[in-house]
Amino acid sequence: MCEIHFGGRNPRRSAPGTTYSRVRCRFAHSRATEYLQLNDPDLTDSQRTVREAIAKICADFPDEYWAKQEELKKFPTQLYDALARDGWLGICMPSKYGGMSAASSVHMNIFGLEPVVKFGSEEQREQFLVPLIAGKERACFGVTEPNTGLDTLRLQTRAKRDGDHYVVTGSKIWISTAQNAQKILLLARTTSLDQVSKPSQGLSLFYTDLDPKVVEITEIPKMGRAAVDTNMLFFSDWRIPASHRIGPENEGFKMILHGMNAERILIGAEALGLGYAALRRAAIYADERHVFGRPIGQNQAIQHPLADSWMQLEAARLVIYQAAKMYDQGYQPGEYANAGKFLAAEAAFKACERAVMCHGGMGYAKEYHVERYLREVFIPRIAPISREMICNYIGERILGLPKSY
């Protein structure tokens, strides 16, 4: 039971003239039915400030907005621009380029250019980061390919040096926001597999213009998240300036790895957001919906699964926060990033499924939004890496067991 005051008086608790600018709570945790849970005991004042600032922006984009964007299959430009105006697109970028070092339409902006931040030249950082953070350019991430999937080291896109350019031929799949992006972070093979000592060598990374006159971009119809496009890319003899290569030639894979842990942490956090949103709607509905003369939430068959989901979400949240903390401190927290993504995706899926079932027949109706949550929550279970590959990683790297594939 929390009350948040920003210079206002609480008539039930304060004397006349008393003002507050902080959270006053009876419990360690905020209620799961609140729009924003600000009183998690592990949050710092800085983290609460970030959450409050983002919440003020997101409050202008309620569920009805997202339902309409999905119906229209229209990119959420208004949200993107609102985040850009206040500099939030650069929350993980160095402040000198317009970002804020402290902290699916902005997904790529948050984590994707970590390789440019880490391995790009000063000239490249100035050229590429500033317009991205300002919201003047959007970027997409080109790694996955139709014929190789998760076997990234076997990707077939080739880049051949030709003077001060590379000539690139190949294809990419599941490329989000390519319909609306002006730039792409592209991984291609510059030295063939038979000429390297191990498959992780010979890959190079490029950050370059995504020109639809050169690159064929075909949208993939999909189950959910219609407001954010997902695409197949085809290109042949695409000329990319050598100055757009990030870091040394043939060392692109280690640069991509630098961003992969960040991506897992981020998509795990996105899954948590879906899970908490679904749980909030379920708890409110279970309290308000009366059948047989009592709220359905009074029945343990309804109440206990929702309570279980809160516990699973909170456990996953703590692992995600630990992974983020370690990443910020300079570690490469592969085990925590992968475990956090796994746990968050599973907990969120269960929460979304239970939210639909809690609503009964109305859970199948678009009016209550939970059916959309359920369709969207499949994404963090599948991408950017499967549950099985995460288990492989933990089994090999943490448990020391033989490689199984």
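Residues numbered from 1 in each chain as written. Predicted model: local features only at pLDDT ≥ 70, side-chain atom pairs only at ≥ 80, totals over all residues. Heavy atoms only, no water.

Let us now look at the overall build of the chain. Summing up its helical and strand segments, the chain has twelve helices and twelve strands in all. Of the accessible surface of the chain, which amounts to about 20000 Å², a share of 54% is contributed by carbon and sulfur atoms. (Helix = DSSP H or I, 4+ residues; strand = E, 2+ residues; numbered from the N terminus. Areas by Shrake-Rupley, 256 points an atom, 1.4 Å probe, with all protein chains shown as cover.)

Time to look at the nonpolar core. Ranked by size, the top nonpolar core spans 31 residues in total, and within it Leu272, Leu313 and Cys358 carry the most contacts. Those elements that place two or more of their residues in this core are helix 7 (252-288), helix 8 (300-328), helix 9 (334-358) and helix 10 (370-376). With eleven residues, the single largest contributor to this core is helix 7. The residues touching Leu272, leaving out its near neighbours within four places in the chain, are Leu313, Ala316, Arg317, Ile320 and Ala344. (Core = buried A, V, L, I, M, F, W, Y, C linked by side-chain atoms within 4.5 Å. Buried < 20%, exposed > 50% of the residue type's maximum accessible area, 1.4 Å probe, protein only. Contact = heavy atoms within 4.5 Å.)

Our next topic: a nonpolar patch on the surface. Together, Ile398, Leu399 and Leu401 make up an exposed nonpolar region whose accessible area comes to about 300 Å². Note on placement: Leu401 falls in the segment after helix 12 (387-398). (Patch = residues over 30% accessible without salt bridge, like charges linked within 9 Å, V, L, I, M, F, W, Y side chains within 5 Å. Salt bridge = Lys/Arg side-chain N within 4 Å of Asp/Glu carboxyl O.)

The next thing to look at is the pattern of salt bridges. What the rule picks out here adds up to 19 salt bridges. One salt bridge connects Asp162 with Arg239, and the closest N-O pair in it is separated by 2.9 Å. Of this pair, Asp162 sits in strand 4 (residues 158-162) while Arg239 sits in strand 9 (residues 230-241), placing them 77 residues apart in sequence. In this structure Asp162 comes out as partly exposed when scored by relative accessible area, which is 39%. Among the ionic pairs, Arg381 bridges to Glu346, the shortest N-O distance being 3.1 Å. Linking Arg381 in helix 11 (residues 378-382) with Glu346 in helix 9, this pair joins segments that are 35 residues apart in sequence.

Turning to the packing of helix 8 against helix 9, a few remarks are in order. The interhelical angle for the contact between helix 8 and helix 9, taken along N-to-C directions, is 155°, at an axis separation of 8 Å. As judged from the angle between their axes, helix 8 and helix 9 are roughly antiparallel. In the crossing of helix 8 with helix 9, the sense of the turn from one axis to the other is left-handed. For the contact of helix 8 with helix 9, a count of residues per class yields 18 nonpolar, four polar and four charged. (Axes fitted to C-alpha atoms, helices over the stretch in contact; angles between N-to-C directions. Parallel < 35°, antiparallel > 145°, perpendicular 65-115°, else oblique. Left-handed = near helix turned anticlockwise from the far one by under 90°. Nonpolar A, V, L, I, M, F, W, Y, C, P; charged D, E, K, R; others polar.)

Bringing unusual backbone geometry into the picture now. With omega at -5°, the peptide bond leading from Ala383 into Pro384 counts as cis. Within the secondary structure layout, Pro384 lies in the loop between helix 11 and helix 12. With a phi close to 55°, Arg225 is a non-glycine residue in the positive phi region. Within the secondary structure, Arg225 is located in the loop between strand 8 (216-219) and strand 9. Since its relative accessible area comes to 13%, Arg225 is described here as buried. Residues other than glycine seldom take positive phi values, yet His369 does so here, at roughly 75°.

What follows covers helix 1 (residues 45-58). With 14 residues, helix 1 should cover 20 Å at 1.5 Å per step; its first-to-last C-alpha distance of 20 Å lies within 8% of that length. Those residues of helix 1 lying buried are Arg48, Ala55 and Ile57. Against helix 3 (77-85) lie the buried residues of helix 1. (Expected span 1.5 Å × (residues − 1).)

Time to look at the pairing of strand 6 (residues 183-189). The buried fraction of strand 6 is high, at seven of seven residues. Going residue by residue along strand 6, you find Lys183, Leu185, Leu187 and Arg189 tucked away on one face and Ile184, Leu186 and Ala188 tucked away on the opposite face as well. Strand direction decides the pairing type here: strand 3 (residues 139-142) and strand 6, joined by four bridges, are parallel. Opposite Cys140, over in strand 6, you have Ile184 as the bridge partner. Bridging between strand 6 and strand 7 (residues 203-209) involves seven bridges; their strand directions are antiparallel. What sits directly across from Arg189, in strand 7, is Leu203. (Pairing = 2+ DSSP bridges.)

Position of Ser204 among the secondary structure elements: in strand 7. A polar contact of 2.7 Å, which involves the side chain of Ser204, links it to the side chain of Thr190. In this structure the side chain of Ser204 is engaged in a polar contact, spanning 2.7 Å, whose partner is the backbone nitrogen of Asn250. In this structure Ser204 touches Leu186, Leu187, Ala188, Thr190, Glu249, Asn250 and Gly252, once residues within four positions along its chain are discounted. (Polar contact = N/O pair within 3.5 Å; in protein donor to acceptor, adjacent residues only side chain to side chain.)

It is worth spelling out the confidence of the model for the chain at this point. Fine structural detail should not be taken from predicted coordinates in areas where pLDDT scores are low. Per-residue pLDDT for the chain has a mean of 87; in total, 87% of the residues score no lower than 70. Counting interchain partners and residues more than four positions distant, the pLDDT-below-50 stretch residues 98-103 has 21 contacts. (pLDDT = per-residue confidence, 0-100.)

Evaluated as defined, the whole model comprises eight aromatic pairs. Centroid distance Phe235 to Trp238: 5.1 Å. Interplanar angle 65°. Geometry classified as edge-to-face. Between Phe349 and Phe378 the ring centres are 5.2 Å apart and the planes differ by 70°, which places this aromatic pair in the edge-to-face class. Taken together, the residues Phe349 in helix 9 and Phe378 in helix 11 connect sequence positions 29 residues apart. By the ring-pair criterion, three or more aromatic residues cluster together here, those being Phe61, Tyr65 and Trp66. Over the aromatic face of Tyr321 sits the side chain of Arg317, whose NZ or CZ is 4.9 Å from the ring centroid. The aromatic ring of Phe349 is capped on one face by Arg381, whose charged end is 4.0 Å from the ring centroid. (Phe/Tyr/Trp six-rings, centres within 6.5 Å; stacked < 30°, edge-to-face > 60°. Lys NZ or Arg CZ within 6 Å of the ring centre and 35° of its normal.)

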